Amino acid sequence: MTQRVLLVLLSAASLFAMDPDRGKQVLRDQGCLNCHNVRGEGSMKGPDLAARLVDHYTPAEMASLMWNHLPEMFSAIGKDQVARPQPSARDAEDMFAQLYAAHFVTPAGNQERGERAFEQRGCAACHTKGPGMPVENWKRIRDSFSLVQQMWNHASLMQESRDKRGVMFEKLSSRDLGDITAFVTKSAAKGNAPATLPETAQGEALYKKNCSACHPGIVNLQKRMRDRTPTEVASALWNHANSMQKVPLAGPNDMRSLVGYVWNLQFQETGDAAKGAKTFRDKKCVGCHQNMARGERVFTPYTMVTLWWQHGSLMQADMEKTKTRWPLLEADDVLNIVAYLNTKQ
């Protein structure tokens, strides 16, 4: 079954359902693996795309890396006499999902480690040896998110039990959470896979209802969520359960929706149109695109990738004629240019 990662990107003010499995096929179809390697597949002539090339991997970072290396890639494509990639915006979205998954993947849970963690974290004291419901009767646990939801909804009872036994609250790492999930479900996933998340609109509503009183702004959460996996977000939420006002989550997918929304905050990056206008001038873009209509279509880092592959060779030829150096763009430059191009003249 195809595993999907849902990413919210406000640069297009839309929700994109991105498919990392399709992204791997796009890398094959577009010829990227003729030079690059991803998880053991492809060539080693160019950089390994599964390696951590930057600290914080975002769509704008991907676009920046592609733009800055276009001349080298055009040269390699010419030498190898292969077709130049022509990715669509959808292709770029799915490529990003594949490469993001390669960088920030949640390891599959291990049942044996999970059984040990279940004992060491004190879970077995109630659910194997004590009055708690035995693990074999847990019917609603499908994944780490549903496990955290059940723990969340029973947090007060768990605290009462700990108080009676005089034991401390045990925090769970994301690996603990994945391993315990594998143990209680007796069905560890094979290999590494990105977590599957639902649409995040419901998660936003849950956040506003249950979390916004204490967390009115999302800026700090955006920074704290950087490069975390969804399972790390879920474990962090549980680890702060004692200091939070715990409102029960009734819907079967509420925790998954809430985690999905919070995790997606890191991708809600917007640029500065005024800075974008300055970058557009400083990088000499205005020399060829001074009459470009702005605000008539939606630009995103993904559409920029598409345009650059479509027209990059022409831009390179024009720069060579005028002896202009290929301008380099940082991720913030990409976001700012996108914001500038999306403003109406």
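Not measured: the values here are computed from a predicted model. (Residues numbered from 1 in each chain as written. Predicted model: local features only at pLDDT ≥ 70, side-chain atom pairs only at ≥ 80, totals over all residues. Heavy atoms only, no water.)

Enquirer: Sorry, what's going on with the overall build of the chain here?
Expert: Tallying secondary structure elements over the chain gives 17 helices and four strands in all. The burial tally for the chain puts 49% of its 345 residues in the buried class. For the chain, the exposed surface amounts to about 18100 Å²; the carbon and sulfur share of it is 51%. (Helix = DSSP H or I, 4+ residues; strand = E, 2+ residues; numbered from the N terminus. Buried < 20%, exposed > 50% of the residue type's maximum accessible area, 1.4 Å probe, protein only. Areas by Shrake-Rupley, 256 points an atom, 1.4 Å probe, with all protein chains shown as cover.)

Enquirer: Would you mind showing me how to read the nonpolar core here?
Expert: Nonpolar side chains tend to gather and get buried jointly when the protein is soluble and globular. Residues Leu 27, Met 62, Leu 70, Phe 96, Trp 238, Trp 308 and Trp 309 are the most contacted members of the largest nonpolar core, which totals 82 residues. Residue contributions to this core peak at eight residues, all from helix α16 (residues 301-321). When near neighbours in sequence (up to four residues on either side) are disregarded, Leu 70 contacts Trp 308, Trp 309 and Trp 326. (Core = buried A, V, L, I, M, F, W, Y, C linked by side-chain atoms within 4.5 Å. Contact = heavy atoms within 4.5 Å.)

Enquirer: Can you walk me through the confidence of the model for the chain in this structure?
Expert: One rule of thumb: low pLDDT means the predicted coordinates there are not for detailed reading. In this model, the chain carries a mean pLDDT of 83, and residues with pLDDT of at least 70 account for 88%. Predicted confidence is poor over residues 1-16, with pLDDT under 50, and the contacts of this stretch with residues over four places away or in other chains come to 62 contacts. Taken as a whole, residues 188-195 scores under 50 in pLDDT and shows 21 contacts with residues more than four places along the chain or in a different chain. (pLDDT = per-residue confidence, 0-100.)

Enquirer: Would you explain the environment of Ala 124 in this entry?
Expert: With respect to the element layout, Ala 124 can be found in helix α6 (residues 123-127). Between the C-alpha atoms of Ala 124 and Val 135, which are 11 residues apart in sequence, the distance is 8.9 Å.

Enquirer: How should I be thinking about the pattern of salt bridges in this particular structure?
Expert: Two side chains that carry opposite charge are able to pair once their charged atoms sit near each other. Taken as a whole, this structure holds 13 salt bridges when the rule is applied. Linking Glu 41 and Arg 28 is a salt bridge whose minimum nitrogen-to-oxygen distance equals 2.6 Å. Remark: Arg 28 occurs in helix α1 (residues 20-29) and Glu 41 occurs in strand β4 (residues 41-42); sequence separation between them is 13 residues. As a salt-bridge pair, Asp 176 and Arg 121 come within 3.0 Å of each other at their nearest N and O atoms. (Salt bridge = Lys/Arg side-chain N within 4 Å of Asp/Glu carboxyl O.)

Enquirer: Just to check I follow, could you spell out the environment of Ser 156 for this structure?
Expert: Tracing the backbone through its elements, the reader meets Ser 156 in helix α8 (residues 155-165). A relative accessible area of 46% places Ser 156 in the partly exposed class.

Enquirer: Honestly, helix α3 (residues 70-80) in this entry has me stumped. Any pointers?
Expert: Structural remark: α-helix, 3.6 residues per turn; residues separated by three or four positions point the same way. Along α3, the residues that are buried comprise Leu 70, Met 73, Phe 74 and Ile 77. For α3, the buried positions fall inside an angular range of 100° around the axis, keeping them on one side. Seen from the buried face of α3, the exposed residues on the opposite side, beyond 90 degrees, are Glu 72 and Lys 79. Residues of α3 that are buried make contact with α2 (59-68) and α16. Looking one or two places after α3, you find Gln 81, whose phi comes out positive at around 55°. (Arc of directions from axis to C-beta.)

Enquirer: What is the right way to read the side chain of Thr 279 from this model?
Expert: Tracing the backbone through its elements, the reader meets Thr 279 in helix α14 (residues 273-282). Setting aside chain neighbours within four positions, we find Thr 279 in contact with Leu 329, Asp 333 and Ile 337.

Enquirer: Before we go on, may I ask you to explain the packing of aromatic side chains in this structure?
Expert: Aromatic ring pairs are reported here in terms of the distance separating the ring centres and the angle at which the planes meet. What the rule picks out here adds up to 12 aromatic pairs. Relative to Phe 96, the ring of Tyr 57 lies with its centre 5.4 Å away and its plane at 10°, an arrangement referred to as stacked. Remark: Phe 96 occurs in helix α4 (residues 89-103) and Tyr 57 occurs in the loop between β4 and α2; sequence separation between them is 39 residues. Looking at Tyr 57, the relative accessible area reads 4%, which means it is buried. By relative accessible area, Phe 96 is classed as buried at 0%. The cationic tip of Lys 186 hangs over the ring face of Phe 183; the distance from NZ or CZ to the ring centre is 4.1 Å. (Phe/Tyr/Trp six-rings, centres within 6.5 Å; stacked < 30°, edge-to-face > 60°. Lys NZ or Arg CZ within 6 Å of the ring centre and 35° of its normal.)

Enquirer: How do you make sense of the layout of surface pockets when you look at a structure like this?
Expert: A probe as big as a water molecule, rolled over the atoms, marks out the empty space that is left. Roughly 860 Å³ of internal volume is contained in the largest pocket. Lining the largest pocket are 31 residues, and of these Cys 126, His 127, Trp 138, His 154 and Met 158 lie nearest its centre. Going through the elements one at a time, α5 (111-120), α6, α7 (144-153) and α8 are the ones with two or more residues in the lining of the largest pocket. Looking at which element gives the most residues to the lining of the largest pocket, the answer is α8, with five residues. (1 Å grid on protein atoms, 1.4 Å probe; cavity = no way out; pocket = protein on both sides within 12 Å on 5 of 7 lines; lining within 4 Å. Points joined across faces, edges and corners; volume = space filled by probe spheres on them.)

Enquirer: What's the story with unusual backbone geometry in this structure? I'm lost.
Expert: If a residue is not glycine, its phi is most likely negative; likewise, a peptide bond is most likely trans. You will see that Arg 39, though not glycine, has its phi angle at about 55°, which is positive. Residue placement: Arg 39 occurs in the loop between β3 (37-38) and β4. You can call Arg 39 partly exposed: its relative accessible area is 42%.

Enquirer: Explanation requested: the environment of Arg 113 in the structure shown.
Expert: With respect to the helices, strands and loops of the structure, Arg 113 is situated in helix α5. Classification of Arg 113 as partly exposed rests on a relative accessible area of 24%. Every residue in contact with Arg 113, bar those within four places of it in the chain, is listed here: Ala 108, Arg 175 and Asp 179. A distance of 2.7 Å separates polar atoms of two side chains, one belonging to Arg 113 and the other to Asp 179. (Polar contact = N/O pair within 3.5 Å; in protein donor to acceptor, adjacent residues only side chain to side chain.)

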